[in-house]
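# Structure at a glance
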Amino acid sequence: MSELESGGPGNARRRSIVAGEFVLTSEDMRQIAAMLHADAGIYLTEAKATLVYSRLSKRLRSLGLESFRDYCALVASAEGLDERQKMLAALTTNVTNFYREPHHFEHLAKTVLPPLLDQARRGGRVRIWSAACSNGAEPYTIALTILGLLPEAAGHDIKILATDIDTNMVAHGHQGVYSEAALRPVPAELRRRWFVPLRGQGAAKDWGVADELRQLVAFRELNLIAPSWPMKGRFQAIFCRNVVIYFEEATQARIWSRFVPQLTPGGHLYIGHSERVSGPAAADFQPAGITTYQLKGAGR
Ligand SMILES: C[S@@+](CC[C@H](N)C(=O)[O-])C[C@H]1O[C@@H](n2cnc3c(N)ncnc32)[C@H](O)[C@@H]1O
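The structure contained in this document is the topic of the report that follows. Just so it is clear, the structure is predicted and the values come from calculations on it, not from any experiment. (Residues numbered from 1 in each chain as written. Predicted model: local features only at pLDDT ≥ 70, side-chain atom pairs only at ≥ 80, totals over all residues. Heavy atoms only, no water.)

## Section: the nonpolar core
Grouped together as the largest cluster of nonpolar side chains are 52 residues, with contacts concentrated most on Trp129, Leu224, Phe259 and Leu269. Examining the composition of this core, we find that six residues originate from one element, helix H1 (residues 26–40), more than from any other. Split by domain, the residues of this core number at least three in each of domain 1 (4–91) and domain 2 (102–295). Apart from residues lying up to four places away in sequence, tryptophan 129 is in contact with Leu161, Thr163, Leu222, Leu224, Trp229, Met231, Phe235, Ala237, Ile238, Phe239, Phe259 and Gln262. (Core = buried A, V, L, I, M, F, W, Y, C linked by side-chain atoms within 4.5 Å. Buried < 20%, exposed > 50% of the residue type's maximum accessible area, 1.4 Å probe, protein only. Helix = DSSP H or I, 4+ residues; strand = E, 2+ residues; numbered from the N terminus. Domains from an automatic or database assignment. Contact = heavy atoms within 4.5 Å.)

Structure (structure tokens):
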């Protein structure tokens, strides 16, 4: 990476590793990466300096700061706690989609849900966790898959827990408003039934989730690397997709191990297309499809 002479007088001997209006040095980058690692488990190297620069320069501008050194000092201080949250939100990648990696929802509909929904009809409890739910597209897709099989699901003991570290994403999911473009992957029949038009026309139209869809999903803030998780009961399925990819191998292995006691025997774990269950927990799961695993011990 090319190093550029910095601009302002206070930065006379500091070199920026990214070209632009603000100075971002290797040391700033190291500090930002260390904070993100401590707060979220996300592992960033200097190769991501351009991304860090482009995502955070808006923050510097709106705070009227002149350099990343000042920004680092702020987010490392007690007064900067709020801004540290904003930094985290800016640096997490929230890419998601309704019906992303559709084979998981086909597997859910064909294999996992039929016996669970039978159980629910007889008064049983169904719990599914979307662990790193981003803006809610993933948990609502799970809910739509359930509603496709059991339209009166909201009247049964069926709940999807949707969690994410990013408060903005949790708020978006809770609000349940999506654009026309975001809803494109949702089958027309399901969209007609479970979304309500809010405002706008054509491509600029916004839709809100209908009450029956909303009632199935509970959004909460949760950090996957927190020392403990508050959930008491177990889940029959966990979706943890496209998040551990940002963690180091050891953190990934720890997360997989922590899912084991959170699943019912025979419960399913769905992971992202470029992820794999690693570490000691790999022995607890058997493959059940593309990036789909089943906890051993069904029927025990
Ligand atoms: C790329 S999105 C994946 C969303 C969804 N699971 C999917 O596959 O479409 C990754 C999400 O993980 C969240 N995330 C990152 N680190 C996290 C952590 N330590 N705990 C919980 N969520 C985290 C981000 O905020 C982001 O919304």
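Anyway, onward from the coordinates.
## Focus: the sheet that holds strand E10 (residues 263–271)
Two pairing modes exist for strands in a sheet, parallel and antiparallel, and in both the strands are linked by backbone hydrogen bonds. Taking strand neighbours across the sheet as the criterion, the seven strands line up as E8-E4-E3-E9-E10-E12-E11 in an open arrangement whose pairing is mixed. Lying at the two open borders of the sheet, with one neighbouring strand each, are strand E8 (217–221) and strand E11 (285–289). For this sheet, the mean angle separating the axes of adjacent strands, direction not counted, is 20 degrees. Bridge count between E10 and strand E12 (residues 292–295): three bridges; the pairing is antiparallel. Bridging across to E12, tyrosine 270 finds its partner in threonine 292. Sheet strands in contact with helix H7 (residues 167–175) are strand E4 (158–164) and E8, and its direction is about 165 degrees off that of E8. Across the face of the sheet, helix H10 (residues 249–259) comes into contact with strand E3 (126–131), strand E9 (235–240), E10 and E11 while running at roughly 145 degrees to E10. (Pairing = 2+ DSSP bridges. Axes fitted to C-alpha atoms, helices over the stretch in contact; angles between N-to-C directions.)

## Considerations on the site of the ligand
Around the ligand, the surrounding shell holds 21 residues, and the nearest of these are Ala40, Thr96, Ala132, Asp164 and Asn242. In the environment of the ligand, a nitrogen atom lies 2.9 Å from a nitrogen or oxygen atom belonging to the side chain of glutamate 138. In isolation the ligand has 600 Å² of accessible area, and contact with the protein removes 99% of it. Of the residues in the shell around the ligand, the class split is nine nonpolar, seven polar and five charged. (Near = heavy atom within 4 Å. Polar contact = N/O pair within 3.5 Å; in protein donor to acceptor, adjacent residues only side chain to side chain. Areas by Shrake-Rupley, 256 points an atom, 1.4 Å probe, with all protein chains shown as cover. Nonpolar A, V, L, I, M, F, W, Y, C, P; charged D, E, K, R; others polar.)

## Details of the environment of aspartate 164
Here aspartate 164 shows up in strand E4. The exposure class assigned to aspartate 164 is buried, which follows from its relative accessible area of 9%. Measuring from C-alpha to C-alpha, the distance between aspartate 164 and leucine 81 comes to 18 Å, with 83 residues separating the pair along the chain. What aspartate 164 contacts, discounting residues up to four positions off in sequence, is Ala132, Cys133, Ser134, Met169, Val170, Arg220, Glu221 and Leu222. A distance of 3.4 Å separates a polar side-chain atom of aspartate 164 from the backbone nitrogen of cysteine 133.

## Quick look at the packing of aromatic side chains
Across all of its chains, the model carries 16 aromatic pairs by this definition. The interplanar angle of 85 degrees and the centroid separation of 6.3 Å between the aromatic rings of phenylalanine 22 and phenylalanine 68 together place this pair among those described as edge-to-face. Of this pair, phenylalanine 22 sits in the loop between strand E2 (15–16) and H1 while phenylalanine 68 sits in helix H3 (residues 68–76); the two residues are 46 residues apart in sequence, bridging distant segments of the chain. Taken as a pair, phenylalanine 22 and phenylalanine 68 share a single burial class, namely buried. Considering the side-chain rings of phenylalanine 98 and tyrosine 178, the 5.0 Å spacing of their centres and the 90 degrees angle between planes classify their relative orientation as edge-to-face. With phenylalanine 98 in the loop between helix H4 (81–91) and helix H5 (103–121) and tyrosine 178 in strand E5 (residues 177–179), the pair connects residues that are 80 residues apart, well separated along the chain. (Phe/Tyr/Trp six-rings, centres within 6.5 Å; stacked < 30°, edge-to-face > 60°.)

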